[in-house]
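Structural features, examined
One-letter residues, chain by chain:
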Amino acid sequence: QVQLVESGGGLVQAGGSLRLSCAASIRLFSSVTMGWFRQTPGKEREFVATISRYGSNTYYADSVKGRFTISRDNAKMTVYLQMNSLKPEDTANYYCAATNRGLTTTRVGDYDYWGQGTQVTVSS
């Protein structure tokens, strides 16, 4: 049983904030590295942020650094993405993902499991 379910997406105006959640059903959740990616129609899925198994290490795409914060609560088996100062170019379907590598990684191919996504739309 491996399941990732994203929530928290919606429509906001530029400059606003959203907090995405990803509820994970993964055996030994604390042993996996988690990540957030986003994708728009006709575009490749792109890296947003990643966090190590215990939350000690994080890494962000340059496009969101300083605005987004990734965090995790292993007791709740949930990873979060706090998005502040949102821009229209942040509009995308956001996906959470998990990898057994135990390392922060930005590559789509390095992740083993994916959620179905949650839509974020930022108006001008």
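Residues numbered from 1 in each chain as written. Predicted model: local features only at pLDDT ≥ 70, side-chain atom pairs only at ≥ 80, totals over all residues. Heavy atoms only, no water.

**Examining the overall build of the protein chain**
Put simply, the rule is: For the purposes of this entry, the term helix denotes a DSSP run of H or I that reaches at least four residues, the term strand denotes a run of E that reaches at least two, and both are numbered from the N terminus. This radius of gyration counts C-alpha atoms alone. The globule rule is 2.2 Å times how many residues there are, raised to the power 0.38. In this scheme, a residue with accessible area under 20% of its type's maximum is buried, one over 50% is exposed, and one in between is partly exposed, where area comes from a 1.4 Å probe on protein chains only. Only the protein chains shown count as cover for residues, with accessible areas throughout obtained via the Shrake-Rupley method and a probe of 1.4 Å.
For the protein chain, the helix and strand inventory stands at zero helices and eleven strands. For the protein chain, the N- to C-terminal ordering of α and β elements is β-β-β-β-β-β-β-β-β-β-β. In terms of overall size, the protein chain behaves like a compact globule, its C-alpha atoms giving a radius of gyration of 13 Å where 124 residues would be expected to give roughly 14 Å. Its C-alpha atoms give the protein chain principal-axis dimensions of roughly 40 × 25 × 25 Å. Taking all 124 residues of the protein chain together, 43% fall into the buried category. Carbon and sulfur atoms make up 45% of the accessible area of the protein chain, which amounts to about 6,500 Å² in all.

**Some points on unusual backbone geometry**
Notably, Met 77 is not glycine yet its phi reads approximately 55°, a positive angle. Along the chain, Met 77 falls in the loop between β7 (68–73) and β8 (78–83). Phi is positive for Ser 85, close to 50°, though the residue is something other than glycine. As for its position among the elements, Ser 85 is in the loop between β8 and β9 (92–99).

**Here we look at the sheet that holds strand β1 (residues 3–7)**
Here is the rule: Strand pairing follows a simple DSSP-based rule, namely that at least 2 bridges must link the two strands. Axis lines are fitted to C-alpha atoms, over the contacting stretch for helices. Their N-to-C directions set the angle, which ranges from 0 to 180 degrees.
With antiparallel pairing, four strands are arranged side by side in an open sheet as β1-β3-β8-β7. Each end of this open sheet is capped by a strand with a single partner; those strands are β1 and β7. Averaged over all pairs of adjacent strands, the angle between strand axes in this sheet comes to 15°, irrespective of strand direction. Judged from the five bridges that link them, β1 and strand β3 (residues 18–25) form a sheet pairing that is antiparallel. Bridge pairing in β3 links Val 5 to Ala 23.

**Re the nonpolar core**
Nonpolar side chains in soluble globular proteins tend to be buried together. For clarity, the threshold we go by: Nonpolar core, defined: a set of buried Ala, Val, Leu, Ile, Met, Phe, Trp, Tyr and Cys residues in which side-chain atoms within 4.5 Å join the residues together.
Core analysis: the largest hydrophobic core is formed by 33 residues, its most contacted members being Met 34, Trp 36, Leu 81, Met 83 and Tyr 94. Contributing elements (two or more residues each) for this core: β3, β4 (33–39), β5 (46–51), β7, β8, β9 and β11 (118–123).

**What about the packing of aromatic side chains?**
The line we're drawing: Working definition: a ring pair exists when centres of Phe, Tyr or Trp rings (six-membered ring for Trp) sit within 6.5 Å. Plane angles under 30 degrees give stacked, over 60 give edge-to-face, the rest tilted. Whether a charge sits over a ring comes down to the Lys NZ or Arg CZ being within 6 Å of the ring centre and within 35 degrees of the ring normal.
All chains considered together, the criterion is met by five aromatic pairs. Arranged with centres 5.1 Å apart and planes meeting at 80°, the rings of Phe 37 and Tyr 111 form a pair that is edge-to-face. Of this pair, Phe 37 sits in strand β4 while Tyr 111 is found in the loop between β9 and β10 (113–114), placing the two residues 74 residues apart along the sequence. Pair check on accessibility: Phe 37 and Tyr 111 agree, each one buried. In this structure an aromatic cluster arises from ring pairing among Phe 37, Phe 47, Tyr 59, Tyr 111 and Trp 114. If you follow Arg 19 out to its NZ or CZ, it ends over the ring of Tyr 80, 4.3 Å from the centre.

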